Amino acid sequence: MTLIKKPNELTQSKIKLKGLIYGQPGIGKTSLALSAPKPLLIDFDNGLRRVAKQYQTDSVQIESYQNLLDILNKENISNYETIVIDTLGKMIDRIGDWLAISNPKIKQSDGQLSMKGWGNIKGEFQKLLKILEGKNKSVIFIAHEKEEKTGDEIMKRPDVAGSSGKDIVKELDFMGYMSMKGGKRTIDLAPNEAYYAKNSLGLNSFLEYAPLSGINDFLSKNIFDAYEEKLKQDEGLRKVYDDLIKNIENSIAAIKDLEGLNNYYLGFYNKHEKLWSSYLVEASLLKSKVEELNCEFDKKAGEFKSKAVVEVVSE
């Protein structure tokens, strides 16, 4: 029994995502993050008190990074699907403090982390993500925004110390910049010249976040459910694509002469649906068949002809 599987044979488990929401203070980042499926707030920032009472969730007030590790390794968190960490910047600071307890040399004389220290933080962050993945949890990080100036250009990015912010982004499925536009709160997932963002999920990159009323489920619906639906649609398209490629391969393989080639070109080729890279596969197979039959396309006639016939006509 082979362990190799085709794309349409893969089984999909419950969607688990890694994301980051950042923006200016007071815009509603924590409330938005808590709209993810069944959240547990890991509160480094004492942010829950700023969330309206009806939208507050279970939380843990964190004093040190060890507190977080104890929660993940010793507490029963099976009822929660998403771990929300508020804020990412403060968690990174706590990781640095925690690492320095066992290895003081990672901090310089001025208290700042050394290059080795930042490397250790990156390693510890990746371990944290593996713990969360092992527990089958999604994770949403919250961060404040920070301006990064290069010449006359100003870019907004998550406020995370050192180079760890850029390393962390590589691990994320999405990163949204939350801001006010035209009096409305918006979340942008598409990067541009003004701010960092990320949308590896292929979802709608611009979302309007309306004032809360009723159930707080914005991320659940617009990110998690939307991505799950996209995967289902892609799965259906994958079957269509695989069937199309198989049909193209069999049809071109069955062509034995010039008449068959023209029948294929004037019939199936010009009428069937083109999906994803199917036209590239088909073009490559047709090119090989044309070479095999020693013919070429006559643009005036709109069909393939034997090279000998085309040369005689040309003369």
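Our structure's up above, just so we're on the same page.
Let me sum up the structure you'll find in this document. (Residues numbered from 1 in each chain as written. Predicted model: local features only at pLDDT ≥ 70, side-chain atom pairs only at ≥ 80, totals over all residues. Heavy atoms only, no water.)

Notes on the environment of glutamate 292
Stated formally: The numbering of helices and of strands both runs from the N terminus, where a helix is a DSSP run of H or I of at least 4 residues and a strand a run of E of at least 2. Each residue's exposure class comes from its accessible area (1.4 Å probe, protein chains only) as a fraction of the maximum for that residue type: buried when under 20%, exposed when over 50%, partly exposed otherwise.
Of note, glutamate 292 is situated in helix H8 (residues 278–292). Assessed through its relative accessible area of 56%, glutamate 292 is described here as exposed. Glutamate 292 sits 35 residues away from aspartate 257 along the chain, and the two C-alpha atoms are 9.5 Å apart.

Examining the pattern of salt bridges
For clarity, the cut-off: The salt bridge criterion pairs a side-chain nitrogen of Lys or Arg with a carboxyl oxygen of Asp or Glu, the two atoms within 4 Å.
In this structure the tally under the stated criterion is 15 salt bridges. In this structure, the salt-bridge partner of lysine 221 is aspartate 217, at a minimum N-O distance of 3.6 Å. On the basis of relative accessibility, which here comes to 52%, the residue lysine 221 falls in the exposed class. Take aspartate 217: its relative accessible area is 21%, and that puts it in the partly exposed class. Lysine 289 serves as the salt-bridge partner of glutamate 292, at 3.4 Å between the closest nitrogen and oxygen. With a gap of 3 residues between them, glutamate 292 and lysine 289 both fall in helix H8, about one helical turn apart. Under the relative-accessibility criterion, lysine 289 is labelled buried at 7%. A cluster of three or more residues bridged by salt bridges with shared partners is formed by Asp45, Arg50 and Lys90.

Observations regarding H8
Rule in force here: Expected span of a helix: the number of residues minus one, times 1.5 Å. Our arc is simply the arc of the directions from the helix axis toward the C-beta atoms. In this analysis, two residues are considered to be in contact whenever any of their non-hydrogen atoms come within 4.5 Å of each other.
With 15 residues, H8 extends 21 Å between its outermost C-alpha atoms, agreeing within 8% with the 21 Å of an ideal straight helix rising 1.5 Å per residue. Every buried residue belonging to H8 is among Ser278, Glu282, Leu286, Lys289 and Val290, and all of these are buried. Buried residues along H8 cover an arc of 100 degrees about the axis, so they all sit on one side. Of the exposed residues in H8, the ones pointing more than 90 degrees away from its buried face are Leu280, Lys287 and Glu291. Contacts from the buried residues of H8 go to helix H6 (218–253), helix H7 (258–271), strand S11 (295–298) and strand S12 (303–306). Positive backbone phi, at 55 degrees, marks asparagine 294, one or two positions downstream of H8.

Observations regarding the packing of H6 against H8
The axes of two packed helices give the description: the angle between them and the distance between them. Here is the rule: Fitted lines through C-alpha atoms give the axes, limited to the stretch in contact for helices. The angle between two N-to-C directions lies from 0 to 180 degrees. Put simply, angles under 35 degrees are roughly parallel, angles over 145 are roughly antiparallel, angles from 65 to 115 are roughly perpendicular, and the rest are oblique. Side-chain classes follow a simple rule in which Ala, Val, Leu, Ile, Met, Phe, Trp, Tyr, Cys and Pro form the nonpolar group, Asp, Glu, Lys and Arg form the charged group, and the remainder, Gly included, forms the polar group.
One way to put it is that H6 packs onto H8 with a least axis distance of 10 Å and a crossing angle of 10 degrees. Accordingly, the angle class assigned to the pair H6 and H8 is roughly parallel. Residues Tyr241, Leu244, Ile245, Ile248, Glu249, Ile252 and Ala253 of H6 pack against Ser278, Val281, Glu282, Leu285, Leu286 and Lys289 of H8. In terms of residue class, the contact of H6 with H8 is made up of 9 nonpolar, 1 polar and 3 charged.

Quick look at the packing of aromatic side chains
The geometry of an aromatic ring pair is captured by two quantities: the separation of the ring centres and the angle between the planes. We apply this condition: Ring pairs are drawn from Phe, Tyr and Trp, using the six-membered ring of Trp, whenever the two centres fall within 6.5 Å, and their geometry is named by plane angle: stacked under 30 degrees, edge-to-face over 60, tilted for the rest. Working rule: Lys NZ or Arg CZ, within 6 Å of ring centre, within 35 degrees of ring normal, means a charge sits over the ring.
Tallying each qualifying case throughout the model produces 11 aromatic pairs. Judged by centre distance (5.1 Å) and plane angle (45 degrees), the rings of tyrosine 22 and tyrosine 177 are tilted. In this pair, tyrosine 22 sits in strand S1 (residues 18–23) while tyrosine 177 sits in strand S7 (residues 174–181), placing the two residues 155 residues apart along the sequence. One exposure class covers both tyrosine 22 and tyrosine 177, and it is buried. Their ring planes at 70 degrees and their centres at 5.2 Å tell us that phenylalanine 297 and phenylalanine 304 sit as a pair that is edge-to-face. Phenylalanine 297 sits in the partly exposed class, given a relative accessible area of 33%. By relative accessible area, which is 9% here, phenylalanine 304 ends up buried. Pairwise contacts between aromatic rings join Tyr265, Tyr269, Phe297 and Phe304 into one cluster. Over the face of the ring belonging to tyrosine 269 we find lysine 274, whose NZ or CZ atom lies 5.0 Å from the ring centre.

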